[in-house]
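Observations on chain architecture
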Amino acid sequence: MKQYAIVGASAAGLSCAKTLRTLDPDCEITLFTDEPFLPYSRPIISYYLKDKVQADQIYLQPSDFYTKHRIRVRTNTRVAAVQTGTLTTEGGETLKFDKILLATGSVPFVPPMENVGAQENVFTFLTMREAERLKAYAKPNMHAVIIGAGLIGLKAAEGLRPLVESVTVVELADKVLPSILDDEAAKTVRAHLDANGVETLLGDTVVRAEGEKTITAVTLKSGKTLPCDLLVLAVGVRPNTVLAERAGAEVNRGITVNRDTMETTVPGVFAAGDCVRSYDILDGQEKIIALWPNAVREGMTAAYNMAGQEHKDTGSFAVNAIDFFGLRICTCGLIRAEGATVLTREGEGFCKRLLVKDNRLVGFVLLNASERAGIYTALIQNKVDLNTLSGDLLDEPGLMLFSREVRTEKLTGGVRV
Amino acid sequence: MKKVIAREALCLDCKLCEVFCRTAHSKSKDVVRAHLYEDPAPVARITVEGDILDSVAVNCRHCDDPACVNACITGAMHKDPETGIVSCDESRCIGCMTCLAVCPVGCIKPGRTAVKCDLCQETGEPACVKNCPNRALVYVEVGGDAQ
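Residues numbered from 1 in each chain as written. Chains lettered and ligands numbered in written order. Predicted model: local features only at pLDDT ≥ 70, side-chain atom pairs only at ≥ 80, totals over all residues. Heavy atoms only, no water.

So, about the overall build of chain B. Each helix and strand in chain B was counted, giving five helices and six strands. The globule rule puts the C-alpha radius of gyration for 147 residues at 15 Å, and the 15 Å found for chain B is close to it. In terms of its C-alpha atoms, chain B occupies a principal-axis envelope of roughly 40 × 35 × 30 Å. Looking at chain B residue by residue over its 147 residues, the buried ones come to 54%. For chain B, the share of sequence-separated contacts (at least 6 apart) that also reach a separation of at least 24 residues comes to 57%. A total accessible area of about 6500 Å² is found for chain B, and carbon and sulfur atoms account for 54% of it. With 17 positive and 20 negative side-chain charges, chain B shows a separation of 3 Å between the mean positions of the two kinds. (Helix = DSSP H or I, 4+ residues; strand = E, 2+ residues; numbered from the N terminus. Rg over C-alpha atoms; globule rule 2.2 N^0.38 Å. Buried < 20%, exposed > 50% of the residue type's maximum accessible area, 1.4 Å probe, protein only. Contact = heavy atoms within 4.5 Å. Areas by Shrake-Rupley, 256 points an atom, 1.4 Å probe, with all protein chains shown as cover. Lys, Arg positive; Asp, Glu negative; His and termini not counted. Charge placed at Lys NZ, Arg CZ, Asp CG, Glu CD.)

We now examine the domain arrangement of chain A. How big an interface is tends to be stated in terms of accessible area lost as the parts join. Residue and element names in this part refer to chain A. One can read the domain layout of chain A as domain 1 (3-107 + 238-306), domain 2 (110-235) and domain 3 (326-412). Computed over C-alpha atoms only, the centres of domain 1 and domain 3 are separated by 32 Å. Across the domain 1 to domain 3 interface the summed buried area is about 380 Å²; carbon plus sulfur atoms make up 76%. Scanning the region where domain 1 abuts domain 3 turns up zero salt bridges. (Domains from an automatic or database assignment. Buried area = accessible area lost by both parts, 1.4 Å probe. Salt bridge = Lys/Arg side-chain N within 4 Å of Asp/Glu carboxyl O.)

A word on unusual backbone geometry. Excluding glycine, residues mostly carry a negative phi; peptide bonds, for their part, are mostly trans. Following D39(B), the chain continues into P40(B) via a peptide bond in cis, with omega recorded as 5°. Relative to the helices and strands, P40(B) is located in the loop between α2 (31-36) and β2 (47-50). The phi dihedral of F325(A) is positive, around 45°, even though this residue is not glycine. Within the chain, D13(B) stands out as a residue other than glycine whose phi angle is a positive 65°. A residue is classified by how much of its surface remains accessible, and D13(B), at 15% relative accessible area, is buried.

Every contact between the two is made by 39 residues of chain A and, on the other side, 40 residues of chain B. Linking chain A with chain B are four salt bridges, by the criterion used here. Among the ionic pairs, E8(B) bridges to R404(A), the shortest N-O distance being 3.5 Å. If you look at where chain A meets chain B, you find 14 residue pairs in polar contact (both at pLDDT 80 or more). Within the side of chain A that touches chain B, the residues separate by chemical class into 22 nonpolar, nine polar and eight charged. (Polar contact = N/O pair within 3.5 Å; in protein donor to acceptor, adjacent residues only side chain to side chain. Nonpolar A, V, L, I, M, F, W, Y, C, P; charged D, E, K, R; others polar.)

So, on to the pattern of salt bridges. Throughout the structure, instances matching the rule amount to 30 salt bridges over all chains. A salt bridge links E396(A) to R372(A), with the shortest nitrogen-to-oxygen separation between them at 2.9 Å. Of this pair, E396(A) sits in the loop between α9 (373-381) and α10 (404-412) while R372(A) sits in the loop between β27 (360-367) and α9; the two residues are 24 residues apart in sequence, bridging distant segments of the chain. Across the pair R372(A) and E49(B) runs a salt bridge whose closest N-O atoms are separated by 2.7 Å.

Right, dumping it as C-alpha cells:
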C-alpha cells in the first residue's frame, strides 16, 4: 500500500489529496497542517471579519469528508524536514512515505520598518488565526492602517471598514491592485474604495511606528504621520520554501518544479501552489502565480505523477475574480504586453478592457462586467485566432462568437442526438 | 450521466426553456407569479443565444473535470460523485464569481450568489427539456465519469 504525505492544507494540498484518493482507493494519505483547523478557505477570512460568514462556515469540506475518504489530517503539526521517502515533524517523529507533496503556500513579506513587529496591534492577514485576533481587537473608535493595496490588503480593508472608525491603505506603487489592474481600471477601483470610506495613499509607505507595547501612530516615507490603533501588514507574500531549501531542492524565489509533473529537484518530493515557480503559458515566463485555480490544478497534476500515472500539467495563467464593496473585478492573463492593443468599452458603472496581441486575446480586465467571462478566459487559454470568430468581441461574449461546428462540439462534447 | 443536449437546427429562439427554468427555480412555481411578482426575481439557468435565424440554448455541461469546481474558493461549487451533477450550494457561496471567470461555455449567472443549472434534481426531469415545444432540447445518457 502506497503512503503519501501532503504538507499544507489549502487549495493545492486538498486538491492533491482528493485526486490521490480517486486514483488509488487503497493508499494512505496524510495531510499535515501547522494550523488548528481542517482545510479552510483562506480567501474567506475577510468575509468572516465582516460577519458575512461565521467561524463554522469557513471549511472547504465537511468534517466527515476526511473520514469518508480516509484522509488523515494532522492539525497543529509542523513539519521540520522532508527528504526522499521520509518526513520529520517538529515533534521529532520520523515517518516513511513513498511520495511527499509540499503545498506550503506563501508567508507574508514584511519589509524593514523602524519599530514595527512585536506590538500587540500588528497583524498580518493570511490565516484564520490572524483574522480571529483582528476581529477580537478591532473597536469602533479605532484608526486602522493597512500597508499594501493588493488583493489581501484591500480585502482586509473591506472586512475592517464596518468594525473601525477609519481605514487608510498605504501603497508604495502608484495605483491600487498593481499586480492585476491597468492604470485606468485602478483609478475606477480607487474611486470606489474612496466612496466606501477606505482612503488610499499611493506612492507612499510606512517607515516608522510610535509606541512600545502598542502602536499609536505611524510615520510615512513622505513625512506624513497617521494615527494608528491597528496596523495590518499586507505588503505582499513570498513563497514558503523553507522545507524545500532544507531538503536541498532548487529554489529560485519559488520552488523549482518539473513543468509537466510538479516534481522538485529532490526525487519523490513534489510541490504545488503558491510555493512553486509556475510556467505562464501566455508569456512563456516562469513566475509565482499565487492564485486559487492554479494551485488546485497543480495539486491535481502532482497527484497523478505521485501515483505514477502519466499526466502532463497544462500550464498556468492568471485568472482572478474578486469584489470590493459590490464592485466586481474579473481579470485574466497579462495586464500589459509589448505590441498589444487594448480594446475598451465603458458604460454606466461598467468597464471592459481586452488586451489583444498577434490576433489573440492575451488578457482582460472587467469591472462589473463578469457575465460569461469564462468565454474570454477560454479564448486566452486556447490561444484562439480571433479571425475565426464572428461578432464584436466587446459585446457580452457567448458561444455565438464561434462557428456552428465549434459551438456544437463545445455543447455536445461530440454526442450526436 | 444524463445531460441536456441542444439540437441547434431545431431551436426556434422561443425562449420557453428560459421561462420554464425560471419558473422551476421560483418560490411559487407559477409562470406568471415567477415572472412578475417574485422578489428576488428567479433566474433562468439556461440562456438562448443568437437570434431568430440561428439560435441555441446554453446551460451547464456538468463537465467531467469542471473548471468552476476547481476554481471555487469556498467549496460551494461541487460535483456530486454519484450523479455527476455540478451544483452550487448557495448557502456557502460568497459571490466572488470566480466560477464565471472560468466556465468555458459561460453558463453561470451572477447574482447575490452564483446561480447555475442543477438539472432540476428535485423533480428528476429538467423543466427546459420538458417544455421545449420543438424537442430542440433532449435529456439523454451521454456517459462521463459519474458512477
